[in-house]
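What follows is each chain in one-letter form.
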Amino acid sequence: MAAFLSVLVALVSYRFVPVGVSEAMDFVAHNLENNALALYGHIAVAPVALALMPFQFMSGLRARRPGLHRWMGRGYVAAILVSGVAGFVLAFHTTAGPVATAGFAILAVIWLGTTACAFLFALKRQIDRHRRWMLRSAALTFAAVSLRLYLGIAMAFGADYDLTYVIVAWVSWVPNALLVEAYLLGRRRSRAATLLPAG
């Protein structure tokens, strides 16, 4: 389901192509005047990372086509480099206020950092560490899906959009990050338990 939602949101994100940003994404259209490069760098490139992300966790693809896995991984990293930097710039031009700015800016920094760690560990062939950091990166990439889900649910219940957007600037990624850390901690404890001597 997560993979399906990731690809679906990535495809829907390109709705601005036929109708224009002002029509499709009026909430960020104010960036067209002074931040058009950052805006297009984010809305045009971030969906690439979101669409590629699920394929990086397909063990069958990694085993059968390791070369393809590596090239898709490079594309994922490159997409996050561009869209993460652009997202950081855009965070300081949001109309939702300083709390939302902080949420989106911190997300961009951690997204870039976790992805850089995953990439460096892949280069060093430290595969276990690479996979851990890729999980962290993917959790933050999935914020694009979480944000839309939470906003949609809130709007369906008649919540105030402006207040909801500020909250979602944090809620779209912090729980994702915490869930991955809990999963990794549980896996480490399970692995450590299996290494304890019997008796």
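For the structure itself, consult the block above.
Residues numbered from 1 in each chain as written. Predicted model: local features only at pLDDT ≥ 70, side-chain atom pairs only at ≥ 80, totals over all residues. Heavy atoms only, no water.

Peer 1: So what's going on with unusual backbone geometry? Which residues, and what values?
Peer 2: The phi dihedral of arginine 125 is positive, around 60°, even though this residue is not glycine. Tracing the sequence through the fold places arginine 125 in the loop between helix H9 (98-123) and helix H10 (127-141). Residue arginine 125 is classed as exposed on the basis of its relative accessible area, which comes to 59%. (Helix = DSSP H or I, 4+ residues; strand = E, 2+ residues; numbered from the N terminus. Buried < 20%, exposed > 50% of the residue type's maximum accessible area, 1.4 Å probe, protein only.)

Peer 1: Describe in detail the side chain of serine 6, supporting the description with residues and values.
Peer 2: The residue serine 6 is located in helix H1 (residues 2-12) in this model. Residue serine 6 is classed as buried on the basis of its relative accessible area of 1%. Here serine 6 is in contact with Leu50, Met53, Pro54, Phe142 and Val145, once residues within four sequence places are set aside. (Contact = heavy atoms within 4.5 Å.)

Peer 1: Could you give an account of the side chain of threonine 115, with specific residues and numbers?
Peer 2: Structurally, the position occupied by threonine 115 is in helix H9. In this structure threonine 115 comes out as buried when scored by relative accessible area, which is 2%. Threonine 115 has contacts with Tyr76, Val77, Ile80 and Ser137, leaving out every residue within four places of it along the chain.

Peer 1: Residues and numbers for the packing of aromatic side chains, please.
Peer 2: What the rule picks out here adds up to six aromatic pairs. Each ring, one from tyrosine 14 and one from phenylalanine 16, has its centre 6.1 Å from the other, and the planes form 40°; the classification is tilted. According to the relative accessible area criterion, tyrosine 14 is partly exposed, its value standing at 27%. What makes phenylalanine 16 buried here is its relative accessible area of 9%. Their ring planes at 70° and their centres at 5.0 Å tell us that phenylalanine 88 and phenylalanine 92 sit as a pair that is edge-to-face. Grouped by ring-pair contacts, the aromatic residues Tyr14, Phe16 and Tyr40 constitute a single cluster. Lying across the ring of tryptophan 71, arginine 74 places its NZ or CZ 4.4 Å from the centre. Geometry around tryptophan 133 places arginine 136 over its ring, the cationic atom sitting 4.4 Å from the centre. (Phe/Tyr/Trp six-rings, centres within 6.5 Å; stacked < 30°, edge-to-face > 60°. Lys NZ or Arg CZ within 6 Å of the ring centre and 35° of its normal.)

Peer 1: Which residues make up helix H11 (residues 143-156), and what values do they have?
Peer 2: With 14 residues, H11 extends 20 Å between its outermost C-alpha atoms, agreeing within 8% with the 20 Å of an ideal straight helix rising 1.5 Å per residue. Ala143, Val145, Ser146, Leu147, Leu151 and Ala154 are the residues of H11 that are buried. With its phi angle positive at about 75°, glycine 158 sits one or two positions after the end of H11. (Expected span 1.5 Å × (residues − 1).)

Peer 1: Please provide a residue-by-residue account of the pattern of salt bridges, values included.
Peer 2: Counted according to the given criterion, the structure contains two salt bridges. For arginine 132, the salt bridge identified is with aspartate 128, shortest N-O distance 2.5 Å. Here the residue arginine 132 and the residue aspartate 128 both occupy positions in helix H10, the gap between them amounting to four residues, near one helical turn. Assessed through its relative accessible area of 31%, aspartate 128 is described here as partly exposed. Note that glutamate 181 and arginine 136 form a salt bridge whose closest N and O atoms lie 2.5 Å from each other. Linking glutamate 181 in helix H13 (residues 174-195) with arginine 136 in helix H10, this pair joins segments that are 45 residues apart in sequence. By relative accessible area, which is 32% here, glutamate 181 ends up partly exposed. (Salt bridge = Lys/Arg side-chain N within 4 Å of Asp/Glu carboxyl O.)

Peer 1: Go over the packing of helix H5 (residues 36-43) against helix H8 (residues 66-91), please, and point to the residues and values.
Peer 2: Close contact between H5 and H8 brings their axes to 8 Å; oriented N to C, the two are set at 130°. Judged by the angle between their axes, H5 and H8 are oblique. The two elements H5 and H8 cross, and the hand of that crossing is left-handed. Here Ala38, Leu39, Gly41 and His42 of H5 come into contact with H8, specifically with Val82, Ser83, Ala86, Gly87, Val89 and Leu90. Looking at the contact of H5 with H8 residue by residue, the classes come out as six nonpolar, four polar and no charged. (Axes fitted to C-alpha atoms, helices over the stretch in contact; angles between N-to-C directions. Parallel < 35°, antiparallel > 145°, perpendicular 65-115°, else oblique. Left-handed = near helix turned anticlockwise from the far one by under 90°. Nonpolar A, V, L, I, M, F, W, Y, C, P; charged D, E, K, R; others polar.)

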